[in-house]
Amino acid sequence: RQVSAFPPNYVHSLDSSHMILTAIEMQKRGLYFSAVHDSYWTHPCDIEEMNVILRECFINLYNQPLLQDLKKMWELRYP
């Protein structure tokens, strides 16, 4: 049962990482940010900038070798 739960939990962790990276960048730029699960909000006048930030954070996150790093970690932890 735990084995089948791993893939969706891993994907959820990446979604959460994307959200926190977005929140951090919004704060750095002095913009308001709020979120519930995968719904992100800001003031209407800041939506365009939030859209740019969302995409930048997404690209930065997924340009990393996430699956390769996960595989290495598993191999080291569970030889």
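Here, the structure is the one placed above.
Residues numbered from 1 in each chain as written. Predicted model: local features only at pLDDT ≥ 70, side-chain atom pairs only at ≥ 80, totals over all residues. Heavy atoms only, no water.

1. Some details on the overall build of the chain
Phase 1: What the chain contains, in helices and strands, is three helices and two strands.
Phase 2: For the chain, the N- to C-terminal ordering of α and β elements is α-β-β-α-α.
Phase 3: On C-alpha atoms alone, the chain measures out to a radius of gyration of 16 Å, which is more than a quarter above the 12 Å that the 2.2 N^0.38 rule sets for 79 residues.
Phase 4: Taken along the three principal axes of its C-alpha coordinates, the chain extends 50 × 25 × 15 Å.
Phase 5: When burial is assessed residue by residue, the chain has 20% of its 79 residues classed as buried.
Phase 6: If you take every contact in the chain between residues at least 6 apart in sequence, the share linking residues at least 24 apart comes to 50%.
Phase 7: For the chain, the exposed area adds up to about 6,300 Å²; of that, 60% sits on carbon and sulfur atoms.
Phase 8: For the chain, the centre of its 7 positive side-chain charges and the centre of its 9 negative side-chain charges are spaced 11 Å apart. (Helix = DSSP H or I, 4+ residues; strand = E, 2+ residues; numbered from the N terminus. Rg over C-alpha atoms; globule rule 2.2 N^0.38 Å. Buried < 20%, exposed > 50% of the residue type's maximum accessible area, 1.4 Å probe, protein only. Contact = heavy atoms within 4.5 Å. Areas by Shrake-Rupley, 256 points an atom, 1.4 Å probe, with all protein chains shown as cover. Lys, Arg positive; Asp, Glu negative; His and termini not counted. Charge placed at Lys NZ, Arg CZ, Asp CG, Glu CD.)

2. Observations regarding the nonpolar core
Phase 1: If you look at the biggest cluster of nonpolar residues, it comprises seven residues: Met 26, Leu 31, Tyr 40, Met 50, Ile 53, Leu 54 and Cys 57.
Phase 2: Counting residues per element, this core draws most heavily on helix α2 (residues 47–62), at four residues.
Phase 3: When sequence neighbours within four positions are dropped, the list of residues in contact with Met 26 reads Leu 31, Tyr 32, Phe 33, Thr 42, Met 50 and Ile 53. (Core = buried A, V, L, I, M, F, W, Y, C linked by side-chain atoms within 4.5 Å.)

3. Structural notes on a nonpolar patch on the surface
Phase 1: On the surface, Phe 6, Met 73, Trp 74 and Tyr 78 cluster together into a nonpolar patch covering about 390 Å² of accessible area.
Phase 2: Along the chain, Tyr 78 falls in the segment after α3 (66–77).
Phase 3: Classification of Tyr 78 as partly exposed rests on a relative accessible area of 48%. (Patch = residues over 30% accessible without salt bridge, like charges linked within 9 Å, V, L, I, M, F, W, Y side chains within 5 Å. Salt bridge = Lys/Arg side-chain N within 4 Å of Asp/Glu carboxyl O.)

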